[in-house]
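Now for the letters of each chain:
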Amino acid sequence: MKPETAREELIRATHLAMAGQWDAAHNIAQASGHPIAHWIHAVLHKIEPDEGNSRYWYARTSRRYEEYETPEEEWQAILAELSEP
């Protein structure tokens, strides 16, 4: 998958997650090996809540479980990072 296509898919996954479409977002994140996909995966499991699984995915990122106060803030941070060139 081309990098721009991967980013587009991850943006789509983030919007799906923000709309409460957890399964669709999870499927995209799980199918991707992109580092931000791991972050999306971590947030989804934090919301679930499945702290152990969430922490596993955070360990595969440069982020921490406690870094953001709300999932909404974290989704915005993910979108901002995906928007960077």
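Quick note: structure is the one above.
Everything numeric here is computed off the predicted structure, so don't read it as measured data.

### Describing the packing of helix H3 (residues 35-47) against helix H5 (residues 71-83)
And then number 1: One way to put it is that H3 packs onto H5 with a least axis distance of 11 Å and a crossing angle of 170°. Taken together, H3 and H5 sit at an angle that is classed as roughly antiparallel. The residues of H5 that touch H3, namely those facing Ile36, Trp39, Ile40, Val43, Leu44, Lys46 and Ile47, are Pro71, Glu74, Trp75, Ala77, Ile78, Glu81 and Leu82.
And then number 2: Taken together, the residues that form the contact of H3 with H5 break down as eleven nonpolar, no polar and three charged.

### A short note on helix H4 (residues 51-58)
The α-helix winds at 3.6 residues per turn, so residues separated by three or four positions along the chain end up facing the same way.
And then number 1: Inspection of H4 places Ser54, Trp57 and Tyr58 among the buried residues, and these make up the whole buried set. End-on view of H4: buried residues confined to an arc of 105°, all on one side of the axis.
And then number 2: Of the surrounding secondary structure, the elements contacted by the buried residues of H4 are H3 and H5.

Thresholds, definitions, all that
Residues numbered from 1 in each chain as written. Predicted model: local features only at pLDDT ≥ 70, side-chain atom pairs only at ≥ 80, totals over all residues. Heavy atoms only, no water. Axes fitted to C-alpha atoms, helices over the stretch in contact; angles between N-to-C directions. Helix = DSSP H or I, 4+ residues; strand = E, 2+ residues; numbered from the N terminus. Parallel < 35°, antiparallel > 145°, perpendicular 65-115°, else oblique. Contact = heavy atoms within 4.5 Å. Nonpolar A, V, L, I, M, F, W, Y, C, P; charged D, E, K, R; others polar. Buried < 20%, exposed > 50% of the residue type's maximum accessible area, 1.4 Å probe, protein only. Arc of directions from axis to C-beta.

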